[in-house]
Structure formats: C-alpha cells, structure tokens
Number of protein chains: 2
Amino acid sequence: MTETKIKILEAAEVEFADNGFNGASIRNITQRAGVNIASINYHFGSKESLFREMFHFRFDPINEVRLSRLREEQELRGGAPVPLELVIRILVVPVFELLLSEADQPPPRFVLAVARCLSEPLELFTRLGREVFQEVYETFFSAIRDAQPQADVKQVRLQLNFAVSSMVGMLTHFSRIEQFAGDPLFHRQKDEILQQFITFITSGISGCVAVNSQHEVR
Amino acid sequence: MTETKIKILEAAEVEFADNGFNGASIRNITQRAGVNIASINYHFGSKESLFREMFHFRFDPINEVRLSRLREEQELRGGAPVPLELVIRILVVPVFELLLSEADQPPPRFVLAVARCLSEPLELFTRLGREVFQEVYETFFSAIRDAQPQADVKQVRLQLNFAVSSMVGMLTHFSRIEQFAGDPLFHRQKDEILQQFITFITSGISGCVAVNSQHEVR
DNA sequence: GCTAGGTTCAAACGATCGTTTCAAACAAAC
DNA sequence: GTTTGTTTGAAACGATCGTTTGAACCTAGC
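Presented here is an overview of the structure given in this document. (Residues numbered from 1 in each chain as written. Chains lettered and ligands numbered in written order. Predicted model: local features only at pLDDT ≥ 70, side-chain atom pairs only at ≥ 80, totals over all residues. Heavy atoms only, no water.)

### Thoughts on the overall build of chain A
- A count of helices and strands for chain A gives 9 helices and 0 strands.
- In chain A, the order of α-helices and β-strands from amino to carboxyl end is α-α-α-α-α-α-α-α-α.
- Seen along its three principal axes, the alpha-carbon backbone of chain A occupies a region of about 65 × 40 × 35 Å.
- Within chain A, the proportion of its 218 residues that are buried is 53%.
- In chain A, once contacts between residues fewer than 6 apart in sequence are set aside, the share between residues at least 24 apart is 72%.
- Charge centroids of chain A, computed over 23 positive and 28 negative side chains, lie 4 Å from each other. (Helix = DSSP H or I, 4+ residues; strand = E, 2+ residues; numbered from the N terminus. Buried < 20%, exposed > 50% of the residue type's maximum accessible area, 1.4 Å probe, protein only. Contact = heavy atoms within 4.5 Å. Lys, Arg positive; Asp, Glu negative; His and termini not counted. Charge placed at Lys NZ, Arg CZ, Asp CG, Glu CD.)

### Structural notes on the state of the cysteines
- For the structure shown, the criterion picks out 0 disulfides over all chains.
- Its sulfur unpaired, C117 of chain B is 15 Å from the next cysteine sulfur, which belongs to C117 of chain A.
- Owing to a relative accessible area of 0%, C117 of chain B belongs among the buried residues under this scheme. (Disulfide = S-S within 2.5 Å.)

### Quick look at the relation of the copies chain A and chain B
- The transform that puts chain A on chain B rotates by 180° and translates by 0.0 Å along the axis, for an RMSD of 0.0 Å. Between the two chains, the operation in question is that of a two-fold axis.
- When the interface residues of chain A are mapped onto chain B, 100% of them are again interface residues, pointing to one common binding face. (Least-squares fit on C-alpha atoms with pLDDT ≥ 70 in both.)

### A few points about a nonpolar patch on the surface
- A grouping of M1, I6 and F57 of chain A is seen on the molecular surface, where their side chains present a nonpolar patch of about 300 Å² in accessible area.
- Counting through the fold element by element, M1 of chain A comes out in the segment before α1 (3–23). (Patch = residues over 30% accessible without salt bridge, like charges linked within 9 Å, V, L, I, M, F, W, Y side chains within 5 Å. Areas by Shrake-Rupley, 256 points an atom, 1.4 Å probe, with all protein chains shown as cover. Salt bridge = Lys/Arg side-chain N within 4 Å of Asp/Glu carboxyl O.)

### Examining the protein's contact with DNA strand C
- Taken together, 15 residues sit near DNA strand C, with T4 and H43 of chain A together with I26, R27 and K47 of chain B positioned nearest.
- Backbone atoms, meaning sugar and phosphate, make up 47% of the atoms of DNA strand C lying within 4 Å of the protein.
- Taking Y42 of chain A, its side chain carries an N or O atom lying 3.1 Å from a phosphate oxygen of DNA strand C.
- Contact distances for DNA strand C include 2.9 Å between a phosphate oxygen and a backbone N or O atom of I26 of chain B. (Near = heavy atom within 4 Å. Polar contact = N/O pair within 3.5 Å; in protein donor to acceptor, adjacent residues only side chain to side chain.)

### Describing the nonpolar core
- In this structure, F16 and F96 of chain A together with F16 and F96 of chain B are the most contacted members of the largest nonpolar core, which totals 150 residues.
- With residues near it in sequence (within four places) discarded, F96 of chain B still touches M167, M170, L171, L194 and F197 of chain B. (Core = buried A, V, L, I, M, F, W, Y, C linked by side-chain atoms within 4.5 Å.)

### Considerations on α1 of chain A
All names here are of chain A.
- Over its 21 residues, α1 extends only 25 Å from the first C-alpha to the last, a length that falls short of the 30 Å expected when each residue adds 1.5 Å.
- A bend of about 80° at A17 is the largest found in α1.
- Of all the positions in α1, only K5, I8, L9, A11, A12, E13, V14, E15, F16, A17, G20 and F21 are classed as buried. (Expected span 1.5 Å × (residues − 1). Bend = angle between axes of the 7 residues up to and from the residue.)

### Side note on the protein's contact with DNA strand D
- In the neighbourhood of DNA strand D, 15 residues make up the surrounding shell, with R27 and K47 of chain A together with T4, Y42 and H43 of chain B lying closest.
- What you see for DNA strand D is that sugar and phosphate hold 48% of its atoms within 4 Å of the protein.
- T4 of chain B has a polar side-chain atom sitting 2.3 Å from a phosphate oxygen of DNA strand D.
- Contact between DNA strand D and Y42 of chain B: a phosphate oxygen at 2.7 Å from a side-chain N or O atom of the residue.
- Of all the elements in the fold, those that place two or more residues in the surface near DNA strand D are α2 (26–33) and α3 (38–43) of chain A together with α3 (38–43) of chain B.
- For the surface near DNA strand D, the element with the highest residue contribution is α3 of chain B, accounting for 3 residues.
- The residue inventory of the surface near DNA strand D, partitioned by class, reads 6 nonpolar, 6 polar and 3 charged. (Nonpolar A, V, L, I, M, F, W, Y, C, P; charged D, E, K, R; others polar.)

What follows is the structure in structure tokens.
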C-alpha cells in the first residue's frame, strides 16, 4: 500500500469521525493528509469507495478475531453451547477495547467514524453494513440461540437487535450522554466499564427469556 | 401558527428523517411543503433554527408526559421508590409507542429525524440535546438511583448511559438491523416488542447492580 | 539517456448548498 | 381608497461540494 494511500486513510478516519459522512469533505481529508485533492479519486475512485475501503480495512480484521475466538470456544466445548456472557464478551470486546483505550493514548477514531456514519440514513450504509457484518451477525445469532435453548428464534432475533443497537448507540453517543452528568465517567477503569457493558447486555438478553418463559408457563 | 410554518415543519420531519441533518436540503423541504425557498429563513431564521423548533415542538410535550407520569407514581407512593421497571417504562413508552405504531398507519417521522440527526457529530446537537433532555435525564437519574439503594452514584450514571444509548441506537438502527435477519420482526405485536425492550433495559440495569454487589461482598 | 508507467499537481468543471435581496401580493385599519 | 405591516415570489449571492482534466513529475527498465 502506497504511503499516500495510508495517509489518506488515516486522515479520513479523523474527518469522518469528526463530521460524519455527509459532513466530511474531500478537501479537508486531503489537506489533513498533506496530499493533493485529486489523489482520493486516483487511489480510491470516489468518496464512497474511500469510506468502503476504510471500513473493510479496519473492521474485517476485527470481525475475523470475533469469529475465530467464538469458534475456539465452540471447539473447546465440543458441541456444548458457549455460555451467553462469553458469547457477548467475544462480540463486544474487540470493538469496545478500542473505544475505551487507556488514558495515555487517544482512542482510534475509525470506530467512531464507522458508528457515526452508519447512523446516517444513506442507502450506501445499508449495503455496507451487510457487507461487513452479515457473517458476524449470523454466527453470533446462532451462538446466542444455542446458549438459550428455551428461547424461540424470533425472540433471539429481537434480543440480538437490542444488543447491536445498544452497541452502536454506545459508540455514537457515549461521549455526548456523558456530558449530561457534568463530569466524565472515565475515571473508572476501562476494564470495569467494559465488564459493566457486557453484563448490561447479557442480563438484558437473559432477562427477556426469563420473563417470556414465565409467560409461557402461565 | 401560520399554515406555511406548519407545512414546513411537517415537510422538515420527513426530510430530516430520510436524509439526516447535513443531508437534508432547504430546497427539498420547501418543495415538499409547496412553499417558497425563502420562507424557511423568513419563518425560522435558518436551517439550524428550523431543526431546533421542530425538535422542541415535538419533544417538549413528550418529555412533559414522562415527567408528569413519573411524578404521579412518586406521589402515589409517598416517598417509597418507584420500581425500576416502571421507571424505565415511563421513560421508554412515550417515545417508542410512536416508533412502533400500528400497521394501518405509518409511524411519525420526527422520532427518526431527531434520533438520526442527534447521531451526527455537530456541536449544535450537543447543545440541543442538553436543552431538551437535561431535565428528563436528571429526574430519571434520581428515580433509577432511588430504585436501587445498593448501587453507587457512578454506577447508576453508567447504567443510565447504557439505557439512553440503547434507546437512541434502537431508534436509529432498528429498521436497518432488522434487515440482517431477512424478514421483518414486526410480525410481533407492538406491545410485545415494547415490553421486551423495557425488560431488556430493566434486566440490564439490575443485572449490573447484582454483579457489582457480588463483587463487593467478596 | 531515453522511454514508459505510475503518481502528483494546480486548475477548473458543473452542481448544489444555505442564505439574501427586493419587488409583488396580501390583509387589516383607518 | 389609501396606508401599514406581514407574507410570498423569482432570482441571484457567494461558498463549497465531489469530481475531472491534462500537464508535470518521478522512477524503473532497457
């Protein structure tokens, strides 16, 4: 990969994270990268293709980690379902450990860039989201279903929808909601927040099943 | 309120919901409303002010409902804390019953408009979010804290952050994530989805406290 | 040294953006 | 009927957008 291409990708992360997709401008990106305006269309083809390439470049490895870690656990158990909390942990950690980086170094911006751009209602992002996350979605859907034999399929689908929405919402709105409280929450350890979030989603999901089972028993 | 102003507000909801704030254009809004381009600046001053007015116009009544219902329950109990699930229900229902409207009528668009625009990283929306939601945030923060005497303040703040993120994420991404599954989830009754979501958040929050209490016991 | 292919550059393209202008149309008051 | 203040209209403003152009530049390979 050319040096110019790398510089553009790095600058694009920051620009997309700060301004969203529609708000980001080719001129700002190239200026930040210290390259010529035309180089984006030369190296990537268009603004959309630039985002697509940044998206894949950053999230494909993350998703591979998620899939391989889950498969490790599954093989380790030889057929027995992976516990729900562990499934959620494997889904959450690879992304959120990047957001909640240590205090001495700034968090990578591409997580925010992707989360914020995916919130924009462009048709492009519907396609891109599927392109990048479809396999992860289906694999973890099966794992969550396996972990809860008593839940029906539609319920699990709803649960995963809740979980993913929470995750994207957290990425997009954490810093902003944080400001409601006046002082930041990051005094807490990164690992503690991460664990609390995993617990939040896990408890939320298993709470749904518990309540629903009660309904069926009645 | 003038007829023109109302027509603009209605058109703006659709345009903002479909394209976000940066993606929405004054020309599309006025064209959809059937009014002159200049009328937005005449009646509202600017695109930003138009959004601000739409935001307040729609969400101030919703927030008043949330606050008054919570106070009703509090007075009904005369000092005793309102149960967590009921607090969450009062927070969630006034907004989500609009999103999950019945099949025979399309859902109002301003909910999506606000959720999507608030996801855009413009400084404007940090201010606007506080302007509209600060009081609700603080009031429900107290109620959630009261409902869980064993939880400490910072933990409750984190929980509310999780809850609000989930809510905004749900509004923004529900329809898109739904498409991962192939067929829509809305076969289920509106009330059932709503109850499941309330249970998800409630269980998530109380799950955090339970785990944390265990930690402290050790 | 020359050529060929890949890369960068300044400049411009057409389109669209939010906003402004100012005259025309309108309504209500006297 | 005239006046006054409010609302609409067509047109244009300056700015910025993503993209394209075509010449200049650079670096291997011969």
